[in-house]
Amino acid sequence: MDINGIYHLIETEFKVVKKEKDLICVAPVNGEEYPKTIVKLILNEVNNHYELFEVVRGKEYNVDVFSDKYKSVIALYSFAKSKLESKKT
């Protein structure tokens, strides 16, 4: 799957809170206006430096750093799946 396919998955499975040239923030699709937890990816394409964060109640936790944009977007998707999706019981 190409990078645009991954972006499409992210946009259909999560609420994209913010999407700019160098930043993507996603939250669960549960309708909260101010979600407790979001996942944020900072894209610094000039330096090939991509940082993934978990943001819980405004406090940022660095999850990982990547040097490949494709891998960073895959990581955003998979980390968001594990952190933001509600568990079905």
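These numbers come from a predicted model, not from an experiment. (Residues numbered from 1 in each chain as written. Predicted model: local features only at pLDDT ≥ 70, side-chain atom pairs only at ≥ 80, totals over all residues. Heavy atoms only, no water.)

**Student:** Can you help me understand the side chain of Ser 72 in this one?
**Tutor:** Note on placement: Ser 72 falls in helix H2 (residues 69–84). A polar contact of 2.7 Å, which involves the side chain of Ser 72, links it to the backbone oxygen of Lys 69. In this view, Ser 72 contacts Leu 41, Leu 43, Tyr 50 and Phe 66; residues no more than four positions away in its chain are not counted. (Helix = DSSP H or I, 4+ residues; strand = E, 2+ residues; numbered from the N terminus. Polar contact = N/O pair within 3.5 Å; in protein donor to acceptor, adjacent residues only side chain to side chain. Contact = heavy atoms within 4.5 Å.)

**Student:** I tried to follow unusual backbone geometry on my own but got confused; where do I start?
**Tutor:** Backbone geometry follows two general trends: most residues other than glycine have a negative phi, and most peptide bonds adopt the trans configuration. With a phi close to 50°, Asn 48 is a non-glycine residue in the positive phi region. Note that Asn 48 resides in the loop between strand S3 (37–44) and strand S4 (49–56). Positive phi, normally seen in glycine, also occurs at Arg 57, with a value near 50°.

**Student:** Please clarify how the nonpolar core should be interpreted in this entry.
**Tutor:** Generally speaking, nonpolar side chains in soluble globular proteins are found buried as a group. Counting 19 residues, the largest nonpolar core has Ile 10, Val 26, Val 39, Leu 41, Leu 52 and Leu 76 as its most contacted members. Residue assignment for this core shows that the elements contributing at least two residues are helix H1 (3–13), strand S2 (23–27), S3, S4 and H2. With seven residues, H2 is the single largest residue contributor to this core. Beyond its immediate sequence surroundings of up to four residues, Val 39 is in contact with Ile 24, Cys 25, Val 26, Leu 52, Phe 53, Leu 76, Phe 79, Ala 80 and Leu 84. Among the nonpolar cores identified, the runner-up in size contains five residues, and Cys 25, Ala 27, Ile 38 and Val 55 belong to it. (Core = buried A, V, L, I, M, F, W, Y, C linked by side-chain atoms within 4.5 Å. Buried < 20%, exposed > 50% of the residue type's maximum accessible area, 1.4 Å probe, protein only.)

**Student:** Just to check I follow, could you spell out the pattern of salt bridges for this structure?
**Tutor:** Should the charged atoms of two oppositely charged side chains come close, the side chains can pair. Within this structure, the stated rule accounts for seven salt bridges. Residue Lys 69 pairs with Glu 45 through a salt bridge whose shortest N-O separation is 3.0 Å. With Lys 69 in helix H2 and Glu 45 in the loop between S3 and S4, this residue pair connects regions lying 24 residues apart in the sequence. You can call Glu 45 partly exposed: its relative accessible area is 42%. For Glu 85, the salt bridge goes to Lys 81, with nearest N and O atoms at 2.9 Å. Here Lys 81 falls in the partly exposed class, since its relative accessible area comes to 27%. A cluster of three or more residues bridged by salt bridges with shared partners is formed by Glu 13, Lys 81 and Glu 85. (Salt bridge = Lys/Arg side-chain N within 4 Å of Asp/Glu carboxyl O.)

**Student:** Can you help me understand the packing of aromatic side chains in this one?
**Tutor:** Inspection of the entire model under this criterion finds one aromatic pair. Pairing Phe 14 with Tyr 77 gives two aromatic rings, centres 6.3 Å apart and planes at 75°, and the pair type is edge-to-face. With Phe 14 in the loop between H1 and strand S1 (15–20) and Tyr 77 in helix H2, this pair connects stretches of sequence that are 63 residues apart. Looking at Phe 14, the relative accessible area reads 4%, which means it is buried. Accessibility expressed as a relative area gives 16% for Tyr 77, which makes it buried. (Phe/Tyr/Trp six-rings, centres within 6.5 Å; stacked < 30°, edge-to-face > 60°.)

The quantities given are spatial measurements derived from coordinates; they are silent on function.
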